[in-house]
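Listed below, chain by chain, are the residues.
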Amino acid sequence: MSRTSNRRLFRVLAGIVKPAYRLVARLRWTGAEHLPAEGGFIVVPNHLTELDPLTVAITLYDNGIMPRFLAKESLFRAPVVGAVLRATGQVPVPRGTPDAAAALTAARAELASGGAVVIYPEGTLTRDPGQWPMTGHTGAARLALATGVPVIPLAHWGDQEVLGRAPSTGRQTVSLFPRKHVRVRIGPPVDLTPWRDDAPDLTHPVGRHAARLEDATDAIMRAVTDELAALRGAEAPPALWDRRRGGRL
C-alpha cells in the first residue's frame, strides 16, 4: 500500500521536480537489485548537501518506490514545503524532545505497511573534511532491530557540486552549469545479525541497549562508507569522523 499511496500526488511532484533537477544534474544509479521487491525496508544515505534528498527520492521513485523521509520537524512548519511534506506522508522528527521517539513509532507503522523509510543517520550534513560519512545517531539501528526489516545503504556523489559547502569556510556554494554528473550506488542489506538478539523495544528507553545500538549504527555507517568508497574509486579513512568531538574516532 505505502509503495503506491499518494501516487497521483507523487507523479505531480515528480513532473515538476525531475525536469528541474535534470537541468543541473545527470543522475545515474547502480545496485537497484538490492531494493527489496516487497515488504518494508529502511534506506540509509550519506548526507552531503541539502540537495541530496531529491537525489535519493528520484532514485527510489524511478524504481517504483514512494519514499517516506524522517525529516526535522521545523520543515513541516515552513510555508509550501510543510504542506508538501504532510501531503506526501513524510515523518516529522521533533529533535531534542521526548517526542522524538514518536517519529520512530510512526516510521514503524510505515514499515509495517510495506513502505520504504529514508533515515539520515548522521542527522546533518557531514563535517568530515574529505566529505566521508560521519558517525551516526542510533535511530535507524533501533528501528531496524525492533522491526527486523532490511537496512539498505545508499551512497551518492556529485550533487554536492551543484549545491555544497566550501571545505575551508563552510560557506554555501552553488554551481548550476554545466550539468553535473551525479551517481548513486545502492548496496546490499547491512548484516545486523550480531545485534538482533535482545533487540530494543521502541516503546522503552534505550538504557542497557545503548552499546549494542552504537555498534549496530557503526556497522550501518561503515556499509554506507564502503559504498561511497566504491562510488568515488577512493579509499575511505580507517576511522569515521566523530560528529560530537569534531575528529576521527
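Everything that follows concerns the structure shown earlier in this document.
Participant: How should the overall build of the protein chain be read in this particular structure?
Facilitator: Scanning the protein chain from N- to C-terminus turns up 7 helices and 11 strands. Burial statistics for the protein chain: of 249 residues in total, 50% are counted as buried. A total accessible area of about 12,000 Å² is found for the protein chain, and carbon and sulfur atoms account for 57% of it.

Participant: It is not clear to me how unusual backbone geometry should be interpreted in this structure. Could you clarify?
Facilitator: Trans peptide bonds make up the majority, and among non-glycine residues the majority have a negative phi. Cis geometry marks the peptide bond from phenylalanine 177 to proline 178, where omega comes out at -5°. Secondary-structure assignment places proline 178 in the loop between β8 (172–174) and β9 (180–186). The residue glutamine 131 is not glycine, and still its phi comes out positive at about 65°. Mapping glutamine 131 onto the fold places it in the loop between β5 (116–118) and α5 (139–147).

Participant: I would appreciate a short explanation of helix α2 (residues 52–61) in the present structure.
Facilitator: Owing to its 3.6 residues per turn, the α-helix aligns residues three or four sequence positions apart on the same side. Most of α2 is tucked away, with 8 of its 10 residues classed as buried. Residues of α2 that are buried include every one of Asp52, Thr55, Val56, Ala57, Ile58, Thr59, Leu60 and Tyr61, and no others.

Participant: Quick question: what am I supposed to make of the side chain of asparagine 46 here?
Facilitator: When you line up the elements, asparagine 46 lands in the loop between β2 (41–45) and α2. Every residue in contact with asparagine 46, bar those within four places of it in the chain, is listed here: Asp52, Tyr120, Glu122, Pro133, Leu154, Ala155, His156, Val224 and Leu228.

Participant: Explain the packing of helix α1 (residues 7–24) against α2 to me, please; I cannot follow it from the model alone.
Facilitator: Two quantities define a packed helix pair, namely the angle between the axes and the distance from one axis to the other. At a minimum axis distance of 11 Å, the contact between α1 and α2 shows a crossing angle of 120°. For the element pair α1 / α2, the angle class is oblique. Between α1 and α2 lies a crossing of left-handed hand. Counting all contacts with α1, which are made through Phe10, Arg11, Ala14, Val17, Lys18 and Tyr21, the residues of α2 involved are Leu54, Thr55, Ile58 and Tyr61. Each residue belonging to the contact of α1 with α2 can be placed in one class, and the counts come to 7 nonpolar, 1 polar and 2 charged.

Participant: When you look at the pattern of salt bridges in this model, what are you seeing that I'm missing?
Facilitator: When their charged atoms lie close together, side chains carrying opposite charge are able to pair. This structure, assessed with the given rule, holds 9 salt bridges. Among the salt bridges present, the one from arginine 22 reaches aspartate 62, with a minimum N-O distance of 4.0 Å. Of this pair, arginine 22 sits in helix α1 while aspartate 62 sits in the loop between α2 and β3 (68–72); the two residues are 40 residues apart in sequence, bridging distant segments of the chain. On the basis of relative accessibility, which here comes to 45%, the residue arginine 22 falls in the partly exposed class. Since its relative accessible area comes to 28%, aspartate 62 is described here as partly exposed. One salt bridge in this structure joins aspartate 242 and arginine 245, with 2.7 Å as the shortest N-O distance. When its relative accessible area of 1% is taken as the criterion, aspartate 242 is described as buried. Among the ionic contacts, a cluster of salt bridges with common partners joins Glu214, Asp242, Arg244 and Arg245.

Participant: Teacher, can you tell me more about a nonpolar patch on the surface here?
Facilitator: Nonpolar side chains collect at one region of the surface, where Val174, Leu176 and Phe177 lie side by side and expose about 330 Å² of accessible area between them. Following the sequence through the fold, phenylalanine 177 ends up in the loop between β8 and β9.

Participant: I tried to follow the packing of aromatic side chains on my own but got confused; where do I start?
Facilitator: This model, assessed by the stated rule, comprises 0 aromatic pairs. When the ring centre of tryptophan 157 is taken as reference, the NZ or CZ atom of arginine 232 above it lies at 4.0 Å.

Participant: Sorry, what's going on with helix α7 (residues 210–232) here?
Facilitator: End to end, α7 covers 32 Å across 23 residues, agreeing with the expected 33 Å (1.5 Å per residue, within 8%). Backbone geometry just downstream of α7 places glycine 233 in the positive-phi region, at approximately 65°.

Participant: Please explain the packing of α5 against α7 as it appears in this structure.
Facilitator: Look at α5 against α7: their axes get within 8 Å of each other, and the N-to-C directions meet at 105°. The orientation of α5 with respect to α7, classified from their angle, is roughly perpendicular. Where α5 abuts α7, its residues Ala140, Ala141, Arg142 and Leu145 lie against Leu213, Ala216, Thr217 and Ile220. Considered class by class, the residues forming the contact of α5 with α7 number 6 nonpolar, 1 polar and 1 charged.

Rules of the game
- Residues numbered from 1 in each chain as written.
- Predicted model: local features only at pLDDT ≥ 70, side-chain atom pairs only at ≥ 80, totals over all residues.
- Heavy atoms only, no water.
- Helix = DSSP H or I, 4+ residues; strand = E, 2+ residues; numbered from the N terminus.
- Buried < 20%, exposed > 50% of the residue type's maximum accessible area, 1.4 Å probe, protein only.
- Areas by Shrake-Rupley, 256 points an atom, 1.4 Å probe, with all protein chains shown as cover.
- Contact = heavy atoms within 4.5 Å.
- Axes fitted to C-alpha atoms, helices over the stretch in contact; angles between N-to-C directions.
- Parallel < 35°, antiparallel > 145°, perpendicular 65-115°, else oblique.
- Left-handed = near helix turned anticlockwise from the far one by under 90°.
- Nonpolar A, V, L, I, M, F, W, Y, C, P; charged D, E, K, R; others polar.
- Salt bridge = Lys/Arg side-chain N within 4 Å of Asp/Glu carboxyl O.
- Patch = residues over 30% accessible without salt bridge, like charges linked within 9 Å, V, L, I, M, F, W, Y side chains within 5 Å.
- Phe/Tyr/Trp six-rings, centres within 6.5 Å; stacked < 30°, edge-to-face > 60°.
- Lys NZ or Arg CZ within 6 Å of the ring centre and 35° of its normal.
- Expected span 1.5 Å × (residues − 1).

Keep in mind these values describe shape, not function.
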